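# Coordinate analysis (summary)
Here are the chains, one letter per residue:
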Amino acid sequence: MPTAYEKACASIEGLTRFTTKNDLSHTKGCLQALGSPERTFAVIHTAGTNGKGSVCAMLEAILRRAGIRTGLFISPHLITTRERFSVNGETVSEEIFVRAFDTVGELCGRLTAAGLPHPSYFEYLFLMGMVIFRETGVEAAVLETGLGGRLDATNAVEAPDMTILTMIGLDHTRYLGDTLEAVAGEKAGIIKPGVPVVYAAGGAADRVIEERAAVCGSPLVPVRSADVCDVRVDAAGTAFRLPGETEPLRVPIAAPYEAANAALAIAAAKVLRSSGKPRYASLNMAAVREGLAALHWPGRMERLADGVYADGAHNPAGIEAFIEAAVALGFDRGCDLLFGVMADKDYHRMVVLLTEHLSLGRVTVVPLSGRGADPAGVAALFAEGGASVTVTETDKSLKEAYDAAAGSARAAGRPLCVLGSLYLIGDLKKCLGSDAATSPGEGVL
């Protein structure tokens, strides 16, 4: 007999994801009907192509270390839908999840009875998050956009304390446009009048962001990755130094790009502290240092076992960042891959980058459910690049594919990297019985 939580998850999974999308006026109307929960706490709103999840997790950890009661709304989840909502570093309990589901469900009943659209999958989850954060007494919530920004359900929040824009590249071009300027315009759509904008500067998207901020009269705080100094990576994480700081900082993720993400989170914390709002008065470098050091963020150069790493790189820019991490760890001299990718990604370019920059041994391509790319076609691309490719048969489980790939890599003395999609990492963690929650907590709220 399914539990109330299992029924709630099944109901949510049955909602529309990528076809029909309601406009922001619908989402705003839903929030108003719920009593405007988003107005009961401060909001920091983040968009970008890559790195936005890491920046959100880092800033939440810093805020929490400063004694602020935090909420974190992210996507996608790896194993359980509850991972999308955490309060004070803890994944919410099934009971809290179900209560929020029922609250939004009652609203949906009223909407459909009046002939109005039912919330989409992501809209439903966003509304649940706002209800959860209100009911659990959150003081400041960090929100990650789902897709884009301008039309994203999270953009229904009208008065955030800050917006953050991470690195912007080409992704979801079917929905956001096929030029960097078009994508940047969608991401920059979260900028609100007079609200400070911390952004990853130094790219082609700068002009679009700056123009949007000028129209809105929003203060701009550029953060350049080139300003991050002395980046050093080892298996335990990444150390780096910022201008004006004599002591290095550290994040427990073995990837150079996380230093640039951390710089964005730190800049955001400094702007919040300088805002003069009492809730941020406790933000200081001690909170920054301790929050980053205690960060738990799965699926980003995560060490699954000896010599096995999982990275959520799922587009060309993400693959470039992964390659940077692999080179820093010495994996460019030889590594194996367990690879799975969604069909709507530019996996041709992803494969070209991997075969050009890494010395690949055995590559095992696995199928993904739903929107997964055809493994045989992906395998052929790797073979063209010279990699020794193994394509798992569809009647073999992911666990069997992983065991074979890990055993082969171990025998050859090479590391194994699992990448191509966060969905692949989530599925693998389920097979391995891993806890992929965004914190070590088990929903004790």
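All of these numbers come straight from a predicted model, not from anything done at the bench. (Residues numbered from 1 in each chain as written. Predicted model: local features only at pLDDT ≥ 70, side-chain atom pairs only at ≥ 80, totals over all residues. Heavy atoms only, no water.)

### Considerations on the overall build of the chain
Note the threshold: The numbering of helices and of strands both runs from the N terminus, where a helix is a DSSP run of H or I of at least 4 residues and a strand a run of E of at least 2. With the radius of gyration taken over C-alpha atoms, the globule rule is written as 2.2 Å times the number of residues to the power 0.38. Relative accessibility decides the category of a residue: with a 1.4 Å probe and only protein chains considered, values under 20% of the type maximum give buried, values over 50% give exposed, and everything between is partly exposed. Only heavy atoms enter the contact rule, under which two residues are in contact if any of them lie within 4.5 Å. Every accessible area reported is derived by Shrake-Rupley at a probe size of 1.4 Å, with residue values counting cover from the shown protein chains alone.
Of regular secondary structure, the chain possesses 15 helices and 17 strands. By the compact-globule yardstick of 22 Å for 445 residues, the chain fits well, its C-alpha radius of gyration being 21 Å. Seen along its three principal axes, the alpha-carbon backbone of the chain occupies a region of about 60 × 60 × 40 Å. By the burial criterion, 56% of the 445 residues in the chain qualify as buried. At a minimum sequence separation of 6, the contacts of the chain that also span at least 24 residues come to 74%. Counting every atom, the chain has about 17,600 Å² of accessible surface; 51% of that belongs to carbon and sulfur.

### Looking at the sheet that holds strand β10 (residues 237-241)
How we decide: One bridge is not enough; two strands pair if DSSP finds at least two bridges between them. Lines fitted to the C-alpha atoms define the axes, with helices restricted to the stretch that makes contact. Angles between their N-to-C directions range from 0 to 180 degrees.
Taking strand neighbours across the sheet as the criterion, the three strands line up as β9-β10-β11 in an open arrangement whose pairing is antiparallel. Only two strands of the sheet have a single partner each, and these edge strands are β9 (229-234) and β11 (249-251). The average angle at which neighbouring strand axes cross in this sheet is 20°, direction not considered. Note: β9 against β10, four bridges, orientation antiparallel. Bridge pairing in β10 links Cys-229 to Arg-241. Lying over the sheet, helix α9 (residues 257-274) contacts β9, β10 and β11, oriented at roughly 55° with respect to β10.

### Examining the nonpolar core
Our working definition: By convention a nonpolar core is built from buried Ala, Val, Leu, Ile, Met, Phe, Trp, Tyr and Cys residues, the set being connected through side-chain atoms within 4.5 Å.
Formed by 79 residues in total, the largest nonpolar core has its most connected members in Phe-240, Leu-292, Met-301, Phe-322, Leu-354 and Phe-382. The greatest single-element share of this core, amounting to 12 residues, is contributed by α9. Sequence-distant contacts of Phe-382, defined by excluding residues within four places in its chain, comprise Leu-337, Phe-339, Val-351, Leu-354, Thr-355, Leu-360, Val-363, Val-365, Ala-387 and Val-389. Counting 41 residues, the second-largest nonpolar core is a separate cluster that includes Ile-96, Cys-108, Leu-125 and Ala-156.

### Observations regarding the sheet that holds strand β3 (residues 85-87)
Strand order in this open sheet of eight strands is β4-β3-β2-β5-β1-β6-β7-β8, and the pairing throughout is mixed. The open sheet has two edge strands with one neighbour each: β4 (90-91) and β8 (220-224). In this structure, strand β2 (residues 70-73) lies alongside strand β5 (residues 140-144), joined through four bridges in parallel fashion. Paired with Leu-72 across the two strands is Val-142, which belongs to β5. Relative to the sheet, α9 contacts β1 (42-47), β6 (162-165), β7 (197-201) and β8, its axis offset from that of β7 by approximately 155°.

### Here's the deal with the pairing of β8
The side chains of a regular strand alternate between both faces of the sheet. Let me state the cut-off plainly: Classification remark: right-handed applies to a crossover when, strands pointing away from the viewer, the course from the first strand over the helix to the second runs clockwise.
Judged from the five bridges that link them, β7 and β8 form a sheet pairing that is parallel. When the sheet's bridge partners are listed, Tyr-199 is paired in β8 with Pro-222. Traced from β7 through helix α8 (residues 206-216) to β8, the parallel crossover comes out right-handed.

### Some thoughts on helix α2 (residues 24-33)
At 3.6 residues per turn, the α-helix brings residues three or four places apart onto the same side. Basically, it comes down to this: Working note: the arc is built from the helix axis to C-beta atom directions.
For α2, the complete set of buried residues consists of Leu-24, His-26, Thr-27, Cys-30 and Leu-31. The arc enclosing the buried residues of α2, seen along the axis, measures out at 160°, which places them on a common side. Turned more than 90 degrees away from the buried face of α2, the exposed residues are Ser-25 and Gln-32. Here the buried face of α2 lies against α4 (94-113) and α5 (121-135).

### So, unusual backbone geometry
Apart from glycine, the bulk of residues carry a negative phi angle, and the bulk of peptide bonds sit in the trans form. That bond from Ser-75 to Pro-76 is cis: its omega, -5°, falls within 30 degrees of zero. In this fold, Pro-76 is placed in the loop between β2 and β3. Unlike most non-glycine residues, Asp-230 shows phi in positive territory, near 50°. By the element assignment, Asp-230 lies in strand β9. With relative accessibility at 46%, the residue Asp-230 sits in the partly exposed group.

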